[in-house]
Amino acid sequence: IRALEGHTGFVGSLLQVRRVESHWLWSYGAGDKTLNIWRQDSRSSGSRDASELLAMAQAANRLYEPMIAEVEAEKERLEHDGAALNDKMAAAQHKLTELDEREHRVKTSEADVRSAINEVLGQLAEASEERDRLAGDVARLQDTERSLKAELNRVSAANQSARAKHA
């Protein structure tokens, strides 16, 4: 078998697909002193006897056993890695669900806090209005007090003046 340039580093296997047999026949005529060469090529599509096929199958099995073992080991490793990834994905999905629930609780709490703040702001506005109303009432009462004191002073002065006239 002649080695081709692309196969010099490694040949994984050879599998005969077609066999070509060449038969050469040489004849020399002593009388006419000529040399005749006949060539006959016979091709077969691989018709082999059972022992040859069995030997080829066994050789192929021996050749591919390490590769098959390697592929099986890689398959098991990938299946294990896939299972580990599925477990991680399930854990991540569980965490995502927990975060969604926590976010919902925070949003609900935020809405409750906003509602409480709005209620307190409303009460504060009412208290501010009440304070302003009471401040007006206090100012009116102070004016009334001043007026009454002035009236009291006037009445007291008139009273003293009337007592002084009667005395």
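What you are looking at is a predicted structure, and each value in this text was computed from that prediction instead of being measured.

Calculation notes
Residues numbered from 1 in each chain as written. Predicted model: local features only at pLDDT ≥ 70, side-chain atom pairs only at ≥ 80, totals over all residues. Heavy atoms only, no water. Helix = DSSP H or I, 4+ residues; strand = E, 2+ residues; numbered from the N terminus. Buried < 20%, exposed > 50% of the residue type's maximum accessible area, 1.4 Å probe, protein only. Contact = heavy atoms within 4.5 Å. Areas by Shrake-Rupley, 256 points an atom, 1.4 Å probe, with all protein chains shown as cover. Salt bridge = Lys/Arg side-chain N within 4 Å of Asp/Glu carboxyl O. Patch = residues over 30% accessible without salt bridge, like charges linked within 9 Å, V, L, I, M, F, W, Y side chains within 5 Å. pLDDT = per-residue confidence, 0-100.

Q: What exactly am I supposed to notice about the overall build of the protein here?
A: Looking only at helices and strands, the protein features one helix and two strands. Along the protein, helices and strands appear, N-terminal first, in the series β-β-α. Of all 167 residues assigned to the protein, the portion counted as buried reaches 2%. A separation of at least 24 residues holds for 34% of the contacts in the protein among residues at least 6 apart in sequence. Accessible surface, the protein: about 15,100 Å² in total, of which carbon and sulfur atoms supply 58%.

Q: Just checking my understanding: could you explain the pattern of salt bridges for this structure?
A: When the charged atoms of two side chains with opposite charge come close together, those side chains can pair. Summed over all chains, the structure comprises twelve salt bridges. A salt bridge links Glu-110 to Arg-114; the nearest nitrogen and oxygen atoms lie 2.9 Å apart. Placement of the pair is Glu-110 and Arg-114 together in helix α1 (residues 50-166), with a separation of four residues, close to one helical turn. Here Glu-110 falls in the partly exposed class, since its relative accessible area comes to 37%. Judged by relative accessible area, which is 51%, Arg-114 ranks as exposed. Arg-133 is paired through a salt bridge with Glu-130; the nearest N and O atoms lie 2.2 Å apart. Remark: Glu-130 and Arg-133 occur in helix α1; sequence separation between them is three residues, near one turn of the helix.

Q: Looking at this structure, I do not really get a nonpolar patch on the surface. What am I missing?
A: A contiguous nonpolar surface patch, about 640 Å² in accessible area, is contributed by Trp-24, Trp-26, Tyr-28, Leu-35 and Ile-37. For the nonpolar patch, the secondary structure elements donating two or more residues are β1 (19-29) and β2 (34-44). Looking at which element gives the most residues to the nonpolar patch, the answer is β1, with three residues. Within the secondary structure, Leu-35 sits in strand β2.

Q: Whenever I open this one, the confidence of the model for the protein confuses me. Can you help?
A: Within the protein, residue pLDDT values average 84, and 84% of them lie at 70 or more. Of all the helices and strands in the protein, β1 carries the lowest mean pLDDT, 78, while α1 carries the highest, 90.

Q: When you look at unusual backbone geometry in this model, what are you seeing that I'm missing?
A: A negative phi angle is the norm for most residues apart from glycine, just as the trans form is the norm for most peptide bonds. Positive phi is not limited to glycine here, since Lys-33 has a value of about 55°. Its location among the elements puts Lys-33 in the loop between β1 and β2. The class of Lys-33 is exposed, set by a relative accessible area of 61%.

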